[in-house]
Amino acid sequence: MKKLLFVMSMILLSFSGFAQGIYLRAGGGYGLPAATSKLGEKYLQTYTITGTSSTNTYSNEIISGSYGSGVDFSVSAGYEFNRNFLFDLNVQYLIGKKYETGNIYTYKDNTSSGTDRMVVTTSSKGFYFNPALVFSAGFGKTAPYGRLGLLAASPRIIRDMSYYYDLDGTDTRDIRWQYDKGLALGYQIGVGFNWKLTEKLDFYTEAGFVSMTYYAKEGEMTQNINDGTDVLNQLPIAQKQIVFKKKYDPNLPYDSAKPAVAGREASPLSSISAQVGIRFLLWRKAE
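Residues numbered from 1 in each chain as written. Predicted model: local features only at pLDDT ≥ 70, side-chain atom pairs only at ≥ 80, totals over all residues. Heavy atoms only, no water.

J.: Which parts of the structure should I look at to understand the layout of surface pockets?
T.: In this structure, the largest pocket encloses a volume near 320 Å³. Taken together, 22 residues make up the lining of the largest pocket; nearest its centre are Arg83, Gly138, Asp202, Arg279 and Arg284. Residue assignment for the lining of the largest pocket shows that the elements contributing at least two residues are β11 (184-196), β12 (201-215) and β18 (271-284). The dominant element in the lining of the largest pocket, judged by the number of residues it contributes, is β18, at four residues. (1 Å grid on protein atoms, 1.4 Å probe; cavity = no way out; pocket = protein on both sides within 12 Å on 5 of 7 lines; lining within 4 Å. Points joined across faces, edges and corners; volume = space filled by probe spheres on them. Helix = DSSP H or I, 4+ residues; strand = E, 2+ residues; numbered from the N terminus.)

J.: Can you walk me through the nonpolar core in this structure?
T.: Grouped burial of nonpolar side chains is what soluble globular proteins tend to show. By size, the foremost hydrophobic cluster in this structure holds 21 residues, and its most contacted members are Tyr128, Trp177, Tyr179, Met212, Tyr214 and Leu269. Leu269 has contacts with Ser66, Tyr67, Gly68, Tyr128, Pro155, Ala184, Val210, Met212, Thr213 and Tyr214, leaving out every residue within four places of it along the chain. If you look at the next biggest cluster of nonpolar residues, it comprises six residues, including Tyr23, Val134, Tyr145 and Leu281. (Core = buried A, V, L, I, M, F, W, Y, C linked by side-chain atoms within 4.5 Å. Buried < 20%, exposed > 50% of the residue type's maximum accessible area, 1.4 Å probe, protein only. Contact = heavy atoms within 4.5 Å.)

J.: I keep staring at the pattern of salt bridges and nothing clicks. Help me out?
T.: Between side chains of opposite charge, a pair can form as their charged atoms come close. Here the structure, examined in full by the defined rule, presents 12 salt bridges. For the salt bridge of Arg173 with Asp171, the shortest nitrogen-to-oxygen distance reads 3.5 Å. Look at Arg173 and you get partly exposed, because its relative accessible area is 27%. Overall, the relative accessible area of 22% leaves Asp171 in the partly exposed class. In this structure, Lys196 engages Glu199 in a salt bridge whose closest nitrogen and oxygen atoms are separated by 3.2 Å. A relative accessible area of 38% places Lys196 in the partly exposed class. With relative accessibility at 63%, the residue Glu199 sits in the exposed group. Several salt bridges share partner residues, and in doing so they unite Arg25, Asp88, Arg147 and Glu206 into one network. (Salt bridge = Lys/Arg side-chain N within 4 Å of Asp/Glu carboxyl O.)

J.: What is the right way to read empty space enclosed by the protein from this model?
T.: Taking a probe equal in size to a water molecule and rolling it over the atoms shows the remaining empty space. Evaluated as defined, the whole model comprises two cavities of 30 Å³ or more. If you add up the space inside the largest cavity, you get close to 190 Å³. Forming the boundary of the largest cavity are 21 residues, of which Asp72, Gln92, Gln188, Val210 and Ser273 lie nearest the centre. Elements with a minimum of two residues in the lining of the largest cavity: β4 (70-80), β5 (85-96), β7 (113-136), β8 (142-153), β12 and β18. Taken together, the residues that form the lining of the largest cavity break down as seven nonpolar, 10 polar and four charged. In this model, the second largest cavity occupies a volume close to 70 Å³. (Nonpolar A, V, L, I, M, F, W, Y, C, P; charged D, E, K, R; others polar.)

Here it is as structure tokens:
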């Protein structure tokens, strides 16, 4: 990471005397998961009684993915050192893909049926900051380019747990956790084309790869509804707040008035994305 930052700085200094233009870009796209990790499992069981016979079926699915996948929107300001070398400061907002894990047990007999279901839905949201160097072929109605940049993000991982039970009476719970406060660093590479529409307006298409892993520092329960009643305020601090650490003493005594302590967990944020948008030239030095 430090080497990449040093190389970018040297290139910027080399071309700082040839400033020729300022532009704005805005666009959006979708990212597919890359460098995926196991996020959980989805376990299904159905027990059925028909007459005097019964069947019991099972299925288990490993759910893998990356919280960096999903819909993203971006805006950026760029500075042309010349027609071939540009500096781009990009801000992206990600609405992550939702992943569903959990356990679902279904019972059916000749006169009744019921479910014991616990489903966990996890996704991410957050801003990405992306300073990058852009190397452009320059001229013509179609100009290919490449991007190389750093990434910094502090996303929020949201985990919703929905529990429903009606095999013997009814029990429902809806719990939400959010994990945040950490800083993720990574890099992005991309290739694309600027399609010239007018002297000042381009349409761009771009494919990119993001490599990044996130470690949340804190977790907080923000919702706990039990059978329609909000019980969040009835819980001690230790049951609704977590501090994640790289190293900690697992033998620390339990203190209900303090957040629980746990080992930090890696959340993958890598993706392969496609974006489209427009680029508007605000100013260019006369040549």
